[in-house]
Amino acid sequence: GVTRHYKFDIKLKNVTRLCQTKSIVAVNGKFPGPRIIAREGDRILVKVVNHVQNNISLHWHGIRQLQSGWADGPSYITQCPIQTNQSYVYNFTITGQRGTLFWHAHISWLRATVYGPLIILPKHNASYPFPKPHKEVPIIFGEWWKADPEAVIRQALQTGAGPNVSEAYTINGLPGPLYNCSKKDTFRLKVKPGKTYLLRLINAAVNDELFFSIANHSLTVVEADALYVKPFKTDILLITPGQTTNVLLRTKPSYPNATFLMLARPYFTGMGTFDNSTVAGILEYKNPSNPSASTSPKNPPLLKPTLPQINATSFVANFSAKFRSLANSKFPANVPKTVRKRFFFTVGLGTNPCPKNQTCQGPNNSSKFAASINNISFILPTTALLQSHFFGKSNGVFTTDFPTNPLQPFNYTGTPSNNTNINVSNGTKAVVLKFNTSVEVVLQGTGILGAESHPLHLHGFNFFVVGQGFGNFNPNKDPASFNLVDPVERNTIGVPSGGWVAIRFLADNPGVWLMHCHFDVHLSWGLRMAWVVQDGKLPNQKLPPPPSDLPKC
Ligand code: C2O
């Protein structure tokens, strides 16, 4: 591989959307941010210089960071944030991965505007396990607030209420013609007939899972989270924040007499309000250079795809079950067949009591929203976990008693009742794993404040999704139907609303790795925890010392 140098200047930029201009935090004056395009095996050096007042750090979402945990990026987990006028060089090598990922800010809600595609092409002379596309197009979904997203989450945390919802979704930063004064801000995918396009779909939205579809065109899914899958056809996709999906789009054999909309809007089952708007882009067959070959009239009809109901949970479960690892001899699925450590984690919302002499606007108007794993709402420390772990100074920073099971089992998916203690407890707790431990985690959604789906993301690893189901996980029955042959391997999975998923991974990467809900609102409320993976015995099983420019808190 080669070494690729990038410089990311974090600066303010004025952007006009929905008829309003505001100043956003952006990279190199671009929104969405610049694309990183590399090949498997390349080394990436990104010098990030912070010119804004906010502290910031960047995360290379889905990059394994083998032996390079110092470059992972979540603030207060693997590094202290980069302060104003400071810089940090992220230095990592892309090992054994190819496909679509993305990068984003990993502190507070700055990723609302600080994100961009991270595309890993196969090695030279290596080909895709699917027909070579005529063209490749990144399609990155985002979410837009008229207000400053930092103010939105600050206010929510102060009052304890849910945050104000966004005003629009975007495709490559553009809301599209269904929003006020946004017709000119429309993503247009210009295509030729009879060709295959590879669409690299990335959900960088802050708080919403999205359905996506293109009128009159079906899509063939070939890759998820930078891992090849067994190809399957679908008219509609669901993509959670943190997930990436590569699809092949085969265009019509000849110039059609129509223009086609592509639409995305949320899947939502939770309580409270949400942004029920729709982003549209346009699939446009370019006018042929030979005008006599054109069949397009001046004003062709505009066709719209049909998307599922807003709360179409069974569609989502069926769709998610279609993903299977390619699992061939070239790309085997190395599913851990035996498990050394088992964990059962409840994931869901809860409350924190309202501090005295404050009025709170959370659930029942007297508490603050919180979110937890096994009832622990994770509080960020004031220094970074990885440093304190590496230098043996974890005392007073974090504890290693994260519960392996819920402290008090209950009917997780039962109707919320007054008897359930919905208050969470706060802590900064981690699970310590010996190097190369095979791990199984059952992620059980709870209905304490109403059933809601949670896109769980694991840093530092891909995991296999060996099972999923509705209701309460049954440890005596459900493991019998686990798929250990070709389960999908990915870094983010939606824990079904009112259900569970089981994942397995091998802890072969020393460091401190965050696992969290990729809805930033739930992340801010504490739906996160950390795995500490110890060094192995061999030199290539150890985390090297931190780079000298690692930011200090
Ligand atoms: Cu894409 Cu911890 O995040």
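Residues numbered from 1 in each chain as written. Predicted model: local features only at pLDDT ≥ 70, side-chain atom pairs only at ≥ 80, totals over all residues.

With numbering matched to this structure, UniProt assigns "domain: Plastocyanin-like" (unreviewed entry) to residues 11-123, 136-287 and 402-536. The span residues 11-123 is 0% helical and 46% strand by assignment, and the distance between its end C-alpha atoms comes to 34 Å. (UniProt positions renumbered as here; feature names shortened; annotations may be inferred. Helix = DSSP H or I, 4+ residues; strand = E, 2+ residues; numbered from the N terminus.)

Quick look at the pairing of strand 9 (residues 135-144) now. On any regular strand, side chains alternate: one points to one face of the sheet, the next to the other face. Counting buried positions over the 10 residues of strand 9 gives 7, a clear majority of the element. Bridge count between strand 9 and strand 12 (residues 196-203): 7 bridges; the pairing is parallel. Each bridged residue has a counterpart across the sheet, and for isoleucine 140 the counterpart in strand 12 is isoleucine 202. Pairing between strand 9 and strand 10 (residues 168-171): 4 bridges, direction antiparallel. (Buried ≥ 20, exposed ≤ 12 C-beta atoms within 10 Å, placed from the backbone. Pairing = 2+ DSSP bridges.)

As a further point, take the domain arrangement of the chain. Domain boundaries assigned for the chain yield domain 1 (1-127), domain 2 (130-325) and domain 3 (341-541). Averaged C-alpha coordinates put domain 1 and domain 2 at centres separated by 23 Å. At the interface, 25 residues of domain 1 touch 32 residues of domain 2. Counting only elements with at least two residues in the side of domain 1 that touches domain 2, the list comes to strand 7 (99-105) and strand 8 (115-121). Broken down by element, the residue count for the side of domain 1 that touches domain 2 peaks at 5 residues, all from strand 7. (Domains from an automatic or database assignment. Contact = placed C-beta atoms within 7 Å.)

For the chain, mean pLDDT is 95; residues scoring 70 or higher make up 97% of the total. The ipTM for the predicted assembly is 1.00, set against a pTM of 0.97. (pLDDT = per-residue confidence, 0-100.)

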